[in-house]
Amino acid sequence: MKTIGLAKGLLYYYYHVLWKSFFDALEVPYIESTTSTKKIIELGKEKCIDEACLSMKIFLGHVEYLKDKCDMILIPRIYSIEKKEQVCTNFNALYDLIRNLYPTLTLLNYNVDVKHHHKEKEAFIKMGKQLGFSTSKSYHAYKLAKQKEQRYFKQLEKSGEKKLKTKKTKILLLGHPYNLQDEMIGKRIYNYLKEKNIEIIYSYEMPKDKVNEEVQKISPKVHWTMNKQLLASFVYFKDSVDGTILITSFPCGPDSLTNEMILRKRGKSKVLLLTFEDLNSDIAIITRLESFLDMLKGGIHL
Amino acid sequence: MRQILAFPQLGDYQYPIRRLLMDMTHLEVLEVPPITKKTIALGSKYSPDSVCIPFKYNLGNFIEALEKGANVLFQAGGGCRYRYYAEVQETILRDLGYDFTFVQIIGRDHLRFKELYHIFKGFNKNLTRKNFLKNLIFAFFYITYLDKIDEYIRHRVGFEVEKNSFLKLKKAFIQKCNKAKNIFSLTKIYYQYKKKCKKIKINKPKNCLKVGFIGELYTAMERYSNYNLEKTLASYHIEIKRFTNLTYLLWKKALFLPIMKRKVKKYCKYTLGADGMDNVYRVLWLKKHGYDGIIHTKPTGCTPEIGAIPILMRAAQEEKMPIIFFSFDEQSGMEGINTRLEAFYDLLTLKKEAQK
């Protein structure tokens, strides 16, 4: 059986439960790349043009790491998850980008484009076909995987609710999951805040069914499905947390506008914007985090 | 209060758009002052840092228009970040303390005539469906003719004997078109000027340098944002082929998409977002039609083009086409661009001579 490689970057963090349980159900072996390191970023930087965003560089680094360790790599291509909405154009181009950078690599077909009638279900059935499974078998596996994903989302919701009830200082980390959970981006902040005994709430821990309702309060016209979730979770959490940290990678396209929207409509809630670049040292971030924490406490009184 | 309309600049398209708005609403439409250093300085002062350049230009246009007394602002929309411009710009301008109405023409993913009709009906109660269609078709023809004349000029402008003769011709053409009463007189003017355009003396050698101009749409269409790159190229006696214009974006693109998809199968399986795949197709087209080089322009941080550039590089390498990438931001230094352009020009001439 061929081994499938899952690169730990970008869409992996949105869909990893779905993908992994799908492959588990079909009993296809898969491997994941390591957690991000400085070396991974260096590898990605070599493959990419300078202007690409940090998350993209990290993703390419993971692909570079994986390319000799597996037979196929899953590179998703997503145009729209919901009708009348779009996603960042990097996800549109990702498949072809990797195909052109590594002409010899075998890629798994995965194309979701609801606007042009390519649904997620079909994408998984086609993927199953490429791996040599019948339609019914891959459909069954997809259904199982989808159930597992739903359970995972419920779990996240519950943990979010639980965290809100604690009496510790609460900080909302707002950003794309691939930035928040990355070892080189979000985990650095997580580690620092954990040391200071602060409860951390992730932006993806809000109930998914409330997204459309909450986003109307801040920006009704936003058309990026993923940034819609961020805006909604800011509105959802802003009154119950002490502060918000926006985490974004430089130069993220959608974030550049939605962050501006959050900063302009934040009202009285306290917001810190941290932009990550491949040159960042921990010290610069920690200085800013320290002053933010001091501000949350009400300033330093000497 | 008297309503004065304004919209952001986009090259010479300000004339057909202005005419369309005037015909539809019968209100005063402000002539937005041409883009200067002040415009971009104003725009980038109030914009988020890492946003793409068209946002800053548009915001600068809006601020200048508001200062001049406009109180109804028009913004379009489309794909990528452009669709979200309207809302953020409205928020920024309101935070600055201006009082205005903001109208987004294309609120969803593509133009809907019914939506457009209701927007204009709100301004002009006497607007009938017939008039609406008539005005729309007029604007459509105006844009098409403008693009066609532009194409003729672009083929010849580098070799004109008398300086600025084409510039004068285009100015006269636009002035006449603005006064045209209906589509028939517009068509007449177009053919008249097409003839005139062909009569202007040029000194074009048979194997002149030919360069294709590809890239992101705003930097291709707005002269100021690409530092008059086309003019500089013309001064080197180069024939220019530019693909992106409003005609292309409005209807040609949808028509060509299936053909393009088939032609670029080697490099792209799917569309790349915005004009990404089109640019890959253009590289192949330019090679096929014997062009010497390609100039690619984009604003700094343009996500779809960043995704497309590695593919473009590979396509250009395999087709053996020289390609140069320009990334424009709000800085207004010309020298860096001119130096690179000169080096590119030298490379093309050397290559051409070696072929002989």
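Residues numbered from 1 in each chain as written. Chains lettered and ligands numbered in written order. Predicted model: local features only at pLDDT ≥ 70, side-chain atom pairs only at ≥ 80, totals over all residues. Heavy atoms only, no water.

1. Brief notes about the interface of chain B and chain A
- Listed by partner, the interface residues are 42 residues for chain B and 39 residues for chain A.
- For the pair chain B and chain A, the summed buried area comes to about 3,600 Å², and 58% of that belongs to carbon and sulfur atoms.
- Residue E51 of chain A pairs with K298 of chain B through a salt bridge whose shortest N-O separation is 2.7 Å.
- For the pair chain B and chain A, the number of links is 21 residue pairs in polar contact (both at pLDDT 80 or more).
- Every element with two or more residues in the side of chain B that touches chain A is listed here: helix 4 (82–95), strand 7 (293–299) and helix 13 (303–319) of chain B.
- A per-class count over the side of chain B that touches chain A returns 20 nonpolar, eleven polar and eleven charged. (Contact = heavy atoms within 4.5 Å. Buried area = accessible area lost by both parts, 1.4 Å probe. Salt bridge = Lys/Arg side-chain N within 4 Å of Asp/Glu carboxyl O. Polar contact = N/O pair within 3.5 Å; in protein donor to acceptor, adjacent residues only side chain to side chain. Helix = DSSP H or I, 4+ residues; strand = E, 2+ residues; numbered from the N terminus. Nonpolar A, V, L, I, M, F, W, Y, C, P; charged D, E, K, R; others polar.)

2. What to know about a positive patch on the surface
- Together, K83, K84, K119, K121 and K143 of chain A make up a region of like positive charge exposed at the surface.
- Within the element layout of this structure, K143 of chain A appears in helix 6 (residues 135–164). (Patch = residues over 30% accessible without salt bridge, like charges linked within 9 Å, V, L, I, M, F, W, Y side chains within 5 Å. Areas by Shrake-Rupley, 256 points an atom, 1.4 Å probe, with all protein chains shown as cover. Lys, Arg positive; Asp, Glu negative; His and termini not counted. Charge placed at Lys NZ, Arg CZ, Asp CG, Glu CD.)

3. Let's talk about the domain arrangement of chain A
Residue and element names in this part refer to chain A.
- The assigned domain composition of chain A is domain 1 (4–147) and domain 2 (166–297).
- Between domain 1 and domain 2, the C-alpha centre-to-centre distance is 25 Å.
- At the interface, 25 residues of domain 1 touch 23 residues of domain 2.
- At the boundary of domain 1 with domain 2, total buried surface from both sides reaches about 2,100 Å², with 62% on carbon and sulfur atoms. (Domains from an automatic or database assignment.)

4. Concerning a nonpolar patch on the surface
All names here are of chain B.
- Side chains of F140, L250, W251 and L255 sit close together on the surface and give an oily, nonpolar patch of about 400 Å² of accessible area.
- At three residues, the largest contribution of residues to the nonpolar patch is made by helix 11 (residues 246–263).
- Relative to the helices and strands, L255 is located in helix 11.
- Taking relative accessible area as the criterion, L255 reaches 58% and is therefore assigned exposed. (Buried < 20%, exposed > 50% of the residue type's maximum accessible area, 1.4 Å probe, protein only.)

5. A closer look at the packing of aromatic side chains
- Per the stated rule, a full pass over the model turns up 37 aromatic pairs over all chains.
- Taken together, Y15, W19, F22, F23, Y30, Y110, F124 and Y142 of chain A form an aromatic cluster joined through their ring pairs.
- The cationic tip of K210 of chain B hangs over the ring face of Y291 of chain B; the distance from NZ or CZ to the ring centre is 5.0 Å. (Phe/Tyr/Trp six-rings, centres within 6.5 Å; stacked < 30°, edge-to-face > 60°. Lys NZ or Arg CZ within 6 Å of the ring centre and 35° of its normal.)

6. Points about helix 14 (residues 335–355) of chain B
All names here are of chain B.
- A rise of 1.5 Å per residue sets the reference length of helix 14, with its 21 residues, at 30 Å; its end C-alpha atoms lie 30 Å apart and thus fit the reference within 8%.
- For helix 14, every residue scored as buried is listed here: I337, L341, F344, L348 and K352. One side of helix 14 holds all its buried residues, which, seen down the axis, span an arc of 75 degrees. Of the exposed residues in helix 14, the ones pointing more than 90 degrees away from its buried face are E335, T339, L350, E353 and A354.
- In this structure, the buried side of helix 14 is in contact with strand 5 (209–215), helix 10 (229–235), strand 7 and strand 8 (323–328). (Expected span 1.5 Å × (residues − 1). Arc of directions from axis to C-beta.)

7. Describing the pairing of strand 10 (residues 270–276) of chain A
Residues and elements named next belong to chain A.
- In the sheet, strand 9 (residues 243–249) pairs with strand 10 via seven bridges, with the strands oriented parallel. The residue of strand 10 that forms the bridge with G243 is K270.
- This β-α-β element, strand 9 to helix 11 (residues 253–264) to strand 10, shows right-handed connectivity. (Pairing = 2+ DSSP bridges. Right-handed = clockwise from strand over helix to strand, strands pointing away.)

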